[in-house]
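Below, each chain spelled out in residue letters.
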Amino acid sequence: MHELSLTQGVVEICESNSGGRRVTAVVLEVGELSSVVPEALEFCFEACSKGTLLEGARLTIERIPAMGKCHDCSKEFHLRSYYNSCPSCGSHQVTIKSGEELRVKEMEVD
Ligand SMILES: [Zn+2]
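> What's the story with the environment of Thr52 in this structure? I'm lost.
Within the fold, Thr52 resides in the loop between helix H2 (38-49) and strand S2 (58-64). We classify Thr52 as partly exposed; its relative accessible area is 22%. Each residue touching Thr52, except ones within four places of it in the same chain, is listed here: Val11 and Glu15. Within the local environment of Thr52, its side chain forms a polar contact with the backbone nitrogen of Leu54, the two atoms lying 3.0 Å apart.

Dropping the structure here:
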């Protein structure tokens, strides 16, 4: 499962940044285009954090909207998928501005 290795990575990042202190809360930013299921992430977090400094920590997931920008008319718009064309001119020259993130935004330590 994709989410399991991602969560293990998150737990490792938090542990190495906590200075050996207990982590009580973690805020994750998850982009709409990252193929991550938030519920699966929560489930894996509970499993992965057992026996670590993150055991019992509160996990908050913030969804980042997927935004694209058209090369041809410079319009910025909400992407529903990677392959959306520009809604105002129909161009496929679209740059993804946000929506692919998966990162630790904040964490609280004891
Ligand atoms: Zn356009």
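> Quick question: what am I supposed to make of the coordination of the zinc ion here?
Each angle at a metal carrying four tetrahedral donors should ideally be 109.5 degrees, and each at a metal carrying six octahedral donors should ideally be 90 or 180 degrees. For the zinc ion, every protein donor is listed as Cys70 (SG), Cys73 (SG), Cys86 (SG) and Cys89 (SG), and the spread of their distances is 2.3 Å. Around the zinc ion sit four donor atoms, and with donor-metal-donor angles ranging over 105 to 118° the site reads as tetrahedral. Look at where the donors of the zinc ion fall in the sequence and you get C-x2-C-x12-C-x2-C.

> Even after reading the chapter, I still don't get the sheet that holds strand S1 (residues 23-31), so can you show me in this structure?
Hydrogen bonds along the backbone pair up the strands of a sheet, which may run parallel or antiparallel. Spatial ordering of the open sheet is given by S2-S1-S6, a layout of three strands whose pairing is mixed. Taken across any chain shown, the strands that pair with only one partner, and hence form the sheet edges, are S2 and strand S6 (102-109). Taking each pair of neighbouring strands and ignoring which way they run, the sheet shows an average axis angle of 20°. Bridge analysis of S1 against S2 gives seven bridges, and the strand direction is parallel. Opposite Val26, over in S2, you have Leu59 as the bridge partner.

> Where do I start with unusual backbone geometry in this structure?
Leaving glycine out, the prevailing phi sign among residues is negative, and the prevailing peptide bond configuration is trans. Even without being a glycine, Ser74 presents a positive backbone phi close to 65°. Checked against the element boundaries, Ser74 lands in the loop between strand S3 (67-70) and strand S4 (76-78). Since its relative accessible area comes to 45%, Ser74 is described here as partly exposed.

> What's the story with the pairing of S3 in this structure? I'm lost.
Looking down a regular strand, the side chains alternate between one sheet face and the other. Across the two faces of S3 the burial differs, with Gly68 and Cys70 buried and Met67 and Lys69 not buried at all. Two strands pair when backbone bridges link them, and S3 and S4 are joined in this way by three bridges, in the antiparallel orientation. Looking across to S4, one finds that Lys69 is bridged to Glu76. The hairpin formed by S3 and S4 contains five residues between the paired strands, and Ser74 there has a positive phi angle of roughly 65°. One ladder, built from four bridges, connects S3 with strand S5 (residues 94-98); its direction is antiparallel. The residue of S5 that forms the bridge with Met67 is Ser98.

Conventions and cut-offs
Residue numbers run consecutively from 1 along every chain, following the written order of its sequence. Residues qualify for local features only when their pLDDT is at least 70, as the model is predicted, and side-chain atom pairs are given and counted only at 80 or more; totals for whole chains, interfaces and linings, by contrast, use all residues. Computation of side-chain values covers all heavy atoms of the structure but excludes hydrogens and water. A run of H or I in DSSP counts as a helix once it spans at least four residues, and a run of E counts as a strand once it spans at least two, with each numbered from the N terminus. Each residue gets one of three labels from its accessible area relative to the maximum for its type: buried under 20%, exposed over 50%, partly exposed in between, using a 1.4 Å probe on protein chains only. We call two residues in contact when some of their heavy atoms are within 4.5 Å. Whenever a nitrogen or oxygen atom comes within 3.5 Å of another N or O atom, the pair is scored as a polar contact, on the condition that within protein one atom can donate a hydrogen and the other can accept it, and that pairs from neighbouring residues in sequence are kept only if both atoms are in side chains. Only nitrogen, oxygen and sulfur atoms count as donors, using a 2.8 Å cut-off from the metal that widens to 3.2 Å for Na, K and Ca. Water is left out, so coordination shells may look unfilled. For four-coordinate sites, all angles between 85 and 135 degrees define a tetrahedron; for four- and six-coordinate sites, opposite donors beyond 155 degrees with the remaining angles between 65 and 115 define square planar and octahedral shapes respectively, and all other cases count as irregular. Two strands qualify as a pair provided DSSP detects at least 2 bridges between them. Angles here are taken between N-to-C directions and fall from 0 to 180 degrees, while the axes themselves are lines fitted to C-alpha atoms, restricted in helices to the stretch in contact.

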